[in-house]
Amino acid sequence: MTQNNHTVLLVEDDHNDVLLIKRAFQKVKIANPIIVLNDGEQAISYLAGREPYIERPLPVLILLDLKLPRKSGHEVLEWLRQQQTLKRLPVVVLTASSESSDINRAYDLGANSYLVKPVTFGALVEMVKTLNLYWMILNKRAEVTND
Amino acid sequence: MKDEEKSKEQILKELIDLRRTVVADGAGDQLKREHSTAEEKYYNLFQSANDAIFIQDLNGTIIDVNNKLLALFGYDRSEIMSVRMADLVNAAEESKYRTALESLVKDGATVFEILLRRKNGESFPAEVSASTFPVNGEKVVQGTVRNISERKRAEEEFRKYRKHLEAFVAQRTDQLEAANKELESFAYSVSHDLRAPLRAMEGFASALLEDYAEKLDETGRDYANRVVSAAQHMDILIQDLLAYSRLSRSALKPNAVSLDSVLGEVMHQLSSDIQKRDAQIRVERPLPEVMGDHATLVQVLSNLLSNAIKFVEPGVKPKVNIRAETLSNKVRLWVEDAGIGIPPEYHARIFRIFERLQGMESYPGTGVGLAIVKKGLERMGGIAGVDSVPGKGSKFWVELRAKGF
Ligand SMILES: Nc1ncnc2c1ncn2[C@@H]1O[C@H](COP(=O)(O)OP(=O)(O)OP(=O)(O)O)[C@@H](O)[C@H]1O
Ligand SMILES: [Mg+2]
């Protein structure tokens, strides 16, 4: 377990989106390391500290897509909010869906914020800038230890 | 009328007396000769009636029946006098018969359905209507029997048909629900999956323009720019299409909505557009309340107003007037502009999805706006239309039920 670290966990299966989000982080000059996981099951294994993620750093923020292989973002969220202290991790849903059923469900399951991926890269850069300012700089973190 | 009834009762009484004598004497045929003319007239009526008629006492003893009744049950006249009323009833329905008799004594008249029995044991459904008459201080019953086999069969057919129909409707409803679900998941994948490659197109073309601008010549940069703007246009198209499809599948429950508050929200939504174009918008307040759905009305009005400020000659400041008109139980809201106008042959067509009259360069848009207006009104039980003269401006209107109607 590493407290007080700066890792951002990006749970995203679309490689183009991964590349664009990473590029937006560079544009905004965010130094936080990004760890990318490609499906919901990997995300749960990582957060739970199971093989092969036993030595993983806990993230400061989780960016979670909803439509993922194996386990959906909703399922990851549901699992996370049932954990002893891991449940305190802030989760920002970052997805393409603007269906109200998806939005409501995400909040019901304990999402801290819900963002829809913008189509233009310029808008994505703006979004990442705000995300950084709010969640990584202004926001006060809770204590999170391994359960 | 009263006299006639009285004489009928009188005649019946005498007839019954005669009958009793006859039954007691066993001298049936002499009877007819002893009839007076009035009695004869009544007796003929009794015999030639289209219904099967019986007369009985309260103990269930038959006093007289007509020929129709004999035919219906398959008895001879000589046999019927030794039959009791209860013998004419299907054994399983005896208690029903007794209950009917009881209510007959109590109320003086009754109509009931019952299974009756022919001489050959065959059963048939019948409707019996009976009433009591006082004769010589004691009550007798006169009733008609109607064979309702046909009606029962028709009712049964109808019941079967209705059941079939119900099953059919239920099945269709299931199918429709399934289709609706499918449409929903289609819309979901449209919003989710179709936009993903768009993000990539736009994002990487932008990356080319930013990181490799020097390595591209003018034409190369133009091409990359075209990729960016095409992707952006397709994104708007998908969003509009989604808004339209969401409107088609969401159930709306109309309630009282203030058009003033709807318009307030719309003006807020379009404020930057209104400022950019320096549009002059006049609203004849107060606007009334209508029966509708708030969010849908915002969508509708936002499309009408954005059209009104968009479709003007280049360089002209848009001028829009918004007013409402109450016609008994309906409210008609007008959005009137002084823009380019619409030739009459296109007035119906522009409400269809993707129908546009101008090129993308002069007036950008996807052609979904008015389709949303039309669909939205349909969903709220209203209508929409337009009055327009080319060059003189357009007056779009929507009509909904007034509040409380
Ligand atoms: N107020 C108006 N004055 C003149 N023409 C109009 C007006 N409103 C609509 N039209 C014509 O009807 C067409 C269809 O309108 P609609 O709102 O459906 O599409 P759009 O405005 O072109 O695109 P969108 O609303 O989807 O962005 C327009 O392209 C235009 O030709
Ligand atoms: Mg429009």
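Residues numbered from 1 in each chain as written. Chains lettered and ligands numbered in written order. Predicted model: local features only at pLDDT ≥ 70, side-chain atom pairs only at ≥ 80, totals over all residues. Heavy atoms only, no water.

## Side note on the overall build of chain B
Point 1. Regarding its fold elements, chain B presents twelve helices and twelve strands.
Point 2. The buried share of chain B, reckoned over its 405 residues, is 41%.
Point 3. Within chain B, residue pairs in contact and separated by at least 24 positions form 61% of the contacts whose partners lie at least 6 positions apart.
Point 4. For chain B, the exposed surface amounts to about 23000 Å²; the carbon and sulfur share of it is 53%. (Helix = DSSP H or I, 4+ residues; strand = E, 2+ residues; numbered from the N terminus. Buried < 20%, exposed > 50% of the residue type's maximum accessible area, 1.4 Å probe, protein only. Contact = heavy atoms within 4.5 Å. Areas by Shrake-Rupley, 256 points an atom, 1.4 Å probe, with all protein chains shown as cover.)

## A word on the packing of aromatic side chains
Point 1. In this structure the tally under the stated criterion is five aromatic pairs over all chains.
Point 2. The ring of W397 of chain B is capped by R332 of chain B, whose NZ or CZ atom sits 3.7 Å from the centre of that ring. (Phe/Tyr/Trp six-rings, centres within 6.5 Å; stacked < 30°, edge-to-face > 60°. Lys NZ or Arg CZ within 6 Å of the ring centre and 35° of its normal.)

## Here's the deal with the side chain of E399 of chain B
Residues and elements named next belong to chain B.
Point 1. Looking at the secondary structure, you find E399 in strand β12 (residues 393-401).
Point 2. A distance of 2.8 Å separates the side chain of E399 from the side chain of R332, its partner in a polar contact.
Point 3. The residues contacting E399, other than those within four sequence positions of it, are L327, K330, V331, R332, L377, G382 and I383. (Polar contact = N/O pair within 3.5 Å; in protein donor to acceptor, adjacent residues only side chain to side chain.)

## Details of the pattern of salt bridges
Point 1. The final tally for this structure, using the stated rule, is 39 salt bridges over all chains.
Point 2. One salt bridge connects E79 of chain B with K119 of chain B, and the closest N-O pair in it is separated by 2.7 Å. In this pair, E79 of chain B is assigned in helix α5 (residues 77-80) and K119 of chain B in the loop between β3 (109-117) and β4 (123-135), connecting sequence segments 40 residues apart.
Point 3. Salt bridges here are not isolated pairs; linked through shared partners, they connect E12, D17, D65 and K117 of chain A together with R199 of chain B. (Salt bridge = Lys/Arg side-chain N within 4 Å of Asp/Glu carboxyl O.)

## Description of the sheet that holds strand β5 (residues 138-147) of chain B
All names here are of chain B.
Point 1. A sheet is described by the order of its strands in space; here five strands give the open sequence β2-β1-β5-β4-β3, paired in antiparallel fashion. The outermost strands of the open sheet, each flanked by one partner alone, are β2 (62-65) and β3. The average undirected angle you get between the axes of adjacent strands in this sheet is 25 degrees.
Point 2. Where strand β1 (residues 52-57) meets β5, six bridges bridge the pair, whose relative direction is antiparallel. Counterpart to A52 in the pairing with β5 is V145.
Point 3. Against the sheet, helix α6 (residues 94-107) contacts β1, β3, β4 and β5, and its axis sits at roughly 160 degrees relative to β3. (Pairing = 2+ DSSP bridges. Axes fitted to C-alpha atoms, helices over the stretch in contact; angles between N-to-C directions.)

## So, helix α1 (residues 15-27) of chain A
Residue and element names in this part refer to chain A.
Point 1. The end-to-end C-alpha distance of α1 is 18 Å, a good match for the 18 Å that 13 residues give at a rise of 1.5 Å each.
Point 2. Along α1, the positions that sit buried rather than exposed are D17, V18, L20, I21, R23, A24 and F25.
Point 3. The N-cap of α1, judged by a side-chain oxygen 2.8 Å from the amide nitrogen of N16 a few residues on, is D14. (Expected span 1.5 Å × (residues − 1).)

## A short note on the sheet that holds strand β2 (residues 34-37) of chain A
Residues and elements named next belong to chain A.
Point 1. Spatial strand order, β2-β1-β3-β4-β5: five strands in an open sheet with parallel pairing. Bordering the open sheet on either side are β2 and β5 (113-116), each of which pairs with just one other strand. Strand-to-strand twist across the sheet, computed as the mean angle between neighbouring axes with direction ignored, equals 20 degrees.
Point 2. Inspection of the sheet shows strand β3 (residues 61-64) paired to strand β4 (residues 91-95) by three bridges, in the parallel sense. Counterpart to L64 in the pairing with β4 is V93.
Point 3. Across the sheet, α1 touches β1 (8-11), β2, β3 and β4, and the angle it forms with β2 is around 170 degrees.

## Observations concerning the interface of chain A and chain B
Point 1. Between chain A and chain B, the contact holds 20 residues from the first and 22 residues from the second.
Point 2. Of the roughly 1900 Å² buried between chain A and chain B on both sides combined, carbon and sulfur atoms contribute 52%.
Point 3. Of all residues in chain A, the largest losses of buried area upon contact with chain B belong to K67, E99 and V119 of chain A, amounting jointly to 35% of the total for that side.
Point 4. With a shortest N-O distance of 3.3 Å, E99 of chain A and R246 of chain B are connected by a salt bridge.
Point 5. Counting every contact that joins chain A to chain B gives six residue pairs in polar contact (both at pLDDT 80 or more).
Point 6. Of the residues assigned to the side of chain A that touches chain B, the class counts are six nonpolar, five polar and nine charged. (Buried area = accessible area lost by both parts, 1.4 Å probe. Nonpolar A, V, L, I, M, F, W, Y, C, P; charged D, E, K, R; others polar.)

## Comments concerning the packing of helix α9 (residues 259-269) of chain B against helix α11 (residues 294-310) of chain B
Residues and elements named next belong to chain B.
Point 1. Packing of α9 against α11 brings their axes to within 9 Å, and their N-to-C directions diverge by 55 degrees. Relative to α11, the element α9 is oriented oblique. Crossing handedness for the pair α9 and α11: right-handed. On the side of α9, the interface is formed by L259, S261, V262, L263, E265, V266, M267 and Q269, while α11 contributes H294, L297, V298, L301, S302 and L305.
Point 2. Of the residues that constitute the contact of α9 with α11, the class distribution is nine nonpolar, four polar and one charged. (Parallel < 35°, antiparallel > 145°, perpendicular 65-115°, else oblique. Left-handed = near helix turned anticlockwise from the far one by under 90°.)

## Regarding the nonpolar core
All names here are of chain B.
Point 1. If you look at the biggest cluster of nonpolar residues, it comprises 38 residues, and the most contacted ones within it are I281, L297, L304, V320, I322, V373 and F396.
Point 2. Elements represented by at least two residues in this core include exactly α9, β7 (280-283), α11, β9 (319-327), β10 (330-337), α12 (369-379) and β12.
Point 3. The leading source of residues in this core is α11, at eight residues.
Point 4. Beyond its immediate chain neighbours, meaning those up to four positions away, L304 contacts V335, L370, V373, F396 and V398. (Core = buried A, V, L, I, M, F, W, Y, C linked by side-chain atoms within 4.5 Å.)

## Description of the side chain of T296 of chain B
Point 1. Looking at the secondary structure, you find T296 of chain B in helix α11.
Point 2. Once you skip the residues sitting within four places of it in the chain, T296 of chain B turns out to touch L247, L252, G376 and M380 of chain B.

## Topic: the pairing of β4 of chain B
All names here are of chain B.
Point 1. Direction of pairing for β3 relative to β4: antiparallel, over a ladder of nine bridges. Of the residues in β4, the one forming a bridge with L116 is F124.
Point 2. Taking the residues between adjacent antiparallel strands as the criterion, β3 and β4 are bridged by five residues, where G121 takes a positive phi near 90 degrees.
Point 3. Direction of pairing for β4 relative to β5: antiparallel, over a ladder of ten bridges.

## A few points about the site of ligand 1
Residue and element names in this part refer to chain B.
Point 1. As a structural note, the neighbourhood of ligand 1 is formed by 23 residues, with N307, R356, Q358, T366 and L370 the closest of them.
Point 2. For ligand 1, an oxygen atom lies 2.7 Å from a polar atom in the side chain of Q358.
Point 3. Within the backbone of G367, an N or O atom sits 2.9 Å from an oxygen atom of ligand 1.
Point 4. Summarising the interface, the protein chains cover 95% of the accessible area of ligand 1, which totals 590 Å² for the free molecule.
Point 5. Breaking the shell around ligand 1 down by element, the ones donating at least two residues are α11, α12 and β12.
Point 6. Tallying contributions element by element places α11 first for the shell around ligand 1, with four residues. (Near = heavy atom within 4 Å.)

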